[in-house]
Amino acid sequence: MTRRVAIVGVGYSDFRPATPDVAFHEMMFEAAVKAYEDAGVNPRKDIDSFIACSEDYWEGFSIFDEFVPDQLGAVLKPVCTISADGMYGVINAYLQIRTGAFDIVAVEAHSKASDIVNMWHVMAFAFDPIINRPLKMHPYVIAGLEMMKFLKDSGNTEEHCAMVVAKNKKNAMKTPYASYGSIISPEDVLTSETLFHPLKKLDASEFVDGAVVIVLAAEEVARKLTDTPIWIKGVGWCTDTPWLEFRDWSRAVYAEMAAEMAYKMARIHEPAKQIDFAEIDDKFSYKELQHMEALRLCRKGEAGLLVEEGVTERDGDLPVNPSGGFLGVGNPLEAGGLVKILEAVLQLRGEAGKRQVPKAEVAVTQIWRGVPTTSGAVVVLGRE
Amino acid sequence: MSLEKIRDPERMRRWPGHMETDYVYTVGLAGERFFREIKDNGKFYGTRCEKCGITYFPARTFCERCLSELKEWVEVSPRGYVEMYTIAYMDLEGNKLEKPEIWAFIRFEGVFGGLVHKLGEVKPEEVKIGMVVEPVLKPKEQREGSITDILYFKPAK
């Protein structure tokens, strides 16, 4: 099992806060066609296996996976759906190719968040129905509690969180697919409406619609398809206990362990030195800081300091979320992990245009499945 | 066929759907006894894993660390402390709450676990991390063996 695997194609639909003009199939079709064009493959002939990532409740369907093959070119082909973020799909595609059974695998995930009429109720269905759900609490109560605990234990501050928001929204100004870019000050974040103290309105990402498709290939095929294959160097994933009552509220242990698994595979011993930039989960501002520490991009308690010193700016020593992250791009539900990988691939290829980071050889991407989950994945990508 | 430009998204054709999802969720062996103790006796119980040396609260029938079956039931003092809290200003519809809700993670001495629940009889600005709290239960005749038998936690006297 020494087969190397590369990303050879990426495609995405127009990301927007609302897409009343296109159905989810059409967004998937757009992303798929662009990805296959980018990879130079014919989906009906060349792609061996397809993986779609979706969640029935986000879609408003039962057994949603039945509805994915046709718009991906996957009818009468091996198809499976993973009920998780798209990054899990990429990891599974990587493993499928490593088995030797398949040479080219396509992965899809999307968000039609604007179709969900009662988002908070749908999200609250993720609470334990016996211990938590009868209390009728808003799912972001979990974010408010976790933010307070994390800031207290780590020594990072609400001001640091506000700096993350200002940085990411500024970065998003140069990202064509970002919907929530703006030039604001940390002060604007701190004075925005308090929703779940200490969490303020601008500390939380807004939802966005869009689809992403990623094409992966085995080394020998990848080299024929492209001059700039982006290699999967390491993968990891992990889930903590689901119980609010028994989880670690202070650290993102799921991310720490997923990162260690991926780093070991990628032979990353000193992430802060070996990694050039990071695309990590910032569904809430404090999560970027917590995940930076979990991924050992800095020492515990020092994430905020790095942000304050400008180290994580796009032109800093360790850019974090040069795309603008979810705070700037929007939160695309299960497509989140694919957006992180999409941005990393464009940066590593040197195709990120105005937002290109100066040095892009090795990147870490990371995703968290959002409240109230304790699941996440990490993928390390590189040019070599 | 019209070539008129549609500017109002409300005029895009869409089909309103409603997924009715009614379930009964089985409380299970641990939940049965845990909630019965609250309902009948107003007492909190956890289950002990001797091997790992921890007491799970709320009670459960297996240890997530060593996967032993847990059979030893231990009474847990209902007096806990606020490990962290949040003040919610928004409801599940996305509307501003008229009266903000205070939610806390409450830890109890000597156990692994705790409870997420509301705080009452306290103003948002008075809540502090580490504050000692105790549960306020529904009157016994109104209890139904549910987490809502606990109305909220209030500052302990």
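What you see is a predicted model, and the numbers here were worked out from it, not measured in a lab.

Novice: Even after reading the chapter, I still don't get the overall build of chain B, so can you show me in this structure?
Specialist: Looking only at helices and strands, one finds one helix and nine strands in chain B. Taken from the N to the C terminus, the helices and strands of chain B come in the order α-β-β-β-β-β-β-β-β-β. Relative to the globule expectation of 15 Å for 157 residues, the C-alpha radius of gyration of chain B, 22 Å, shows a markedly less compact shape. Along the first, second and third principal axes, the C-alpha set of chain B runs to 75 × 40 × 35 Å. Out of the 157 residues in chain B, the part that is buried amounts to 42%. Considering only residue pairs separated by 6 or more positions, chain B has 49% of its internal contacts joining residues 24 or more positions apart. On chain B, roughly 9,900 Å² of surface is accessible, and the fraction owed to carbon and sulfur atoms is 50%. With 26 positive and 26 negative side-chain charges, chain B shows a spacing of 2 Å between the two charge centroids.

Novice: Would you mind going over the sheet that holds strand β3 (residues 72-76) of chain B with me for this structure?
Specialist: Backbone-to-backbone hydrogen bonds pair the strands of a sheet. The strands run either parallel or antiparallel. Residues and elements named next belong to chain B. Spatially, four strands are ordered β3-β1-β2-β6 in an open sheet, and the strand pairing comes out mixed. Each of the sheet's edge strands pairs with one partner strand only, and the pair in question is β3 and β6 (112-113). Pairing analysis gives five bridges linking strand β1 (residues 44-49) to β3, with the strands arranged antiparallel. Paired with R48 across the two strands is E72, which belongs to β3.

Novice: Even after reading the chapter, I still don't get the side chain of R143 of chain B, so can you show me in this structure?
Specialist: Residues and elements named next belong to chain B. Summarising the element assignment, R143 is placed in the loop between β8 (132-137) and β9 (150-155). As a buried residue without a salt bridge, R143 has its nearest oppositely charged side chain in D149, at a separation of 5.6 Å. A polar atom in the side chain of R143 sits 2.9 Å from the backbone oxygen of K138. Apart from the residues within four sequence positions on either side, R143 is in contact with I38, K39, G42, L137, K138 and D149.

Novice: Just to check I follow, could you spell out the interface of chain A and chain B for this structure?
Specialist: The parts lose accessible area when they come together, and the size of an interface is often stated as this lost area. Between chain A and chain B, the residue contacts involve 36 residues of the former and 41 residues of the latter. Both faces considered, chain A and chain B share a buried interface measuring about 3,500 Å² in area, 72% of it formed by carbon and sulfur atoms. Three residues stand out in chain A for area buried against chain B, namely I130, L135 and F246 of chain A, and they jointly supply 20% of the buried area on that side. Applying the counting criterion to the chain A and chain B interface returns one salt bridge. At the surface where chain A touches chain B, the tally comes to eight residue pairs in polar contact (both at pLDDT 80 or more). Listing elements by their share of the side of chain A that touches chain B, those giving two or more residues are α4 (119-124), α5 (140-154) and β5 (194-197) of chain A.

Novice: Would you take a moment to explain the pattern of salt bridges for this structure?
Specialist: Oppositely charged side chains may form a pair once their charged atoms are brought near each other. One pass over the full model with this rule turns up 39 salt bridges over all chains. Across the pair K34 of chain A and E30 of chain A runs a salt bridge whose closest N-O atoms are separated by 2.8 Å. In this pair, K34 of chain A and E30 of chain A are both assigned in helix α1 (residues 24-39), four residues apart and thus about one turn of the helix distant. Within this structure, K149 and D153 of chain A together with E83 and R107 of chain B form a network of salt bridges that share partners.

Novice: What exactly am I supposed to notice about helix α6 (residues 158-172) of chain A here?
Specialist: Each full turn of the α-helix corresponds to 3.6 residues, which orients residues three or four apart in the same direction. Residue and element names in this part refer to chain A. Between its first and last C-alpha atoms α6 spans 21 Å; for 15 residues at 1.5 Å apiece the expected length is 21 Å, and the two agree. Taking burial as the measure, the 15 residues of α6 include eleven buried ones, the bulk of the element. When we look at burial in α6, the residues that qualify are H160, C161, A162, V164, V165, A166, K167, N168, K169, N171 and A172. Where α6 is buried, its residues touch α5, α7 (186-190), α11 (285-294), α12 (303-308) and α13 (325-329).

Novice: Help me understand the packing of aromatic side chains in this model?
Specialist: All chains considered together, the criterion is met by 28 aromatic pairs over all chains. Arranged with centres 6.2 Å apart and planes meeting at 70°, the rings of Y140 of chain A and F196 of chain A form a pair that is edge-to-face. On the criterion of sequence distance, the pair formed by Y140 of chain A in helix α5 and F196 of chain A in strand β5 is long-range, its members being 56 residues apart. Seen in terms of ring centroids, F34 of chain B and F35 of chain B are 5.1 Å apart; in terms of plane orientation they differ by 75°. Their pairing is edge-to-face. The exposure class assigned to F35 of chain B is buried, which follows from its relative accessible area of 4%. Connected via pairs of aromatic rings, a cluster forms that spans W120, Y140, F150, F196, F207, F284, Y286 and W368 of chain A. One Lys or Arg, K287 of chain A, reaches over the ring of W368 of chain A and ends 4.2 Å from the middle of that ring.

Novice: How should the domain arrangement of chain A be read in this particular structure?
Specialist: All names here are of chain A. The assigned domain composition of chain A is domain 1 (5-117 + 208-225) and domain 2 (119-207 + 233-382). The C-alpha-based centres of domain 1 and domain 2 are spaced at 23 Å. A per-residue breakdown of the area domain 1 buries against domain 2 is headed by W58, M87 and Y88, which together make up 23% of the total. Our count for the contact surface shared by domain 1 and domain 2 stands at two salt bridges. Along the contact surface separating domain 1 from domain 2 lie nine residue pairs in polar contact (both at pLDDT 80 or more).

Novice: Please explain the nonpolar core as it appears in this structure.
Specialist: Soluble globular proteins tend to pack their nonpolar side chains together in the buried interior. Counting 103 residues, the largest nonpolar core has Y140 and L295 of chain A together with L119 of chain B as the members making the most contacts within it. Take this core: its biggest share by element is nine residues, from α5 of chain A. Of the residues that make up this core, three or more belong to each of domain 1 (5-117 + 208-225) and domain 2 (119-207 + 233-382) of chain A. The residues touching Y140 of chain A, leaving out its near neighbours within four places in the chain, are W120, M123, F196, L199, A204, S205, F207, F284 and V371 of chain A. Residues A84, Y94, A178 and F277 of chain A belong to the second largest nonpolar core, which totals 49 residues.

Conventions used here
- Residues numbered from 1 in each chain as written.
- Chains lettered and ligands numbered in written order.
- Predicted model: local features only at pLDDT ≥ 70, side-chain atom pairs only at ≥ 80, totals over all residues.
- Heavy atoms only, no water.
- Helix = DSSP H or I, 4+ residues; strand = E, 2+ residues; numbered from the N terminus.
- Rg over C-alpha atoms; globule rule 2.2 N^0.38 Å.
- Buried < 20%, exposed > 50% of the residue type's maximum accessible area, 1.4 Å probe, protein only.
- Contact = heavy atoms within 4.5 Å.
- Areas by Shrake-Rupley, 256 points an atom, 1.4 Å probe, with all protein chains shown as cover.
- Lys, Arg positive; Asp, Glu negative; His and termini not counted.
- Charge placed at Lys NZ, Arg CZ, Asp CG, Glu CD.
- Pairing = 2+ DSSP bridges.
- Salt bridge = Lys/Arg side-chain N within 4 Å of Asp/Glu carboxyl O.
- Polar contact = N/O pair within 3.5 Å; in protein donor to acceptor, adjacent residues only side chain to side chain.
- Buried area = accessible area lost by both parts, 1.4 Å probe.
- Expected span 1.5 Å × (residues − 1).
- Phe/Tyr/Trp six-rings, centres within 6.5 Å; stacked < 30°, edge-to-face > 60°.
- Lys NZ or Arg CZ within 6 Å of the ring centre and 35° of its normal.
- Domains from an automatic or database assignment.
- Core = buried A, V, L, I, M, F, W, Y, C linked by side-chain atoms within 4.5 Å.

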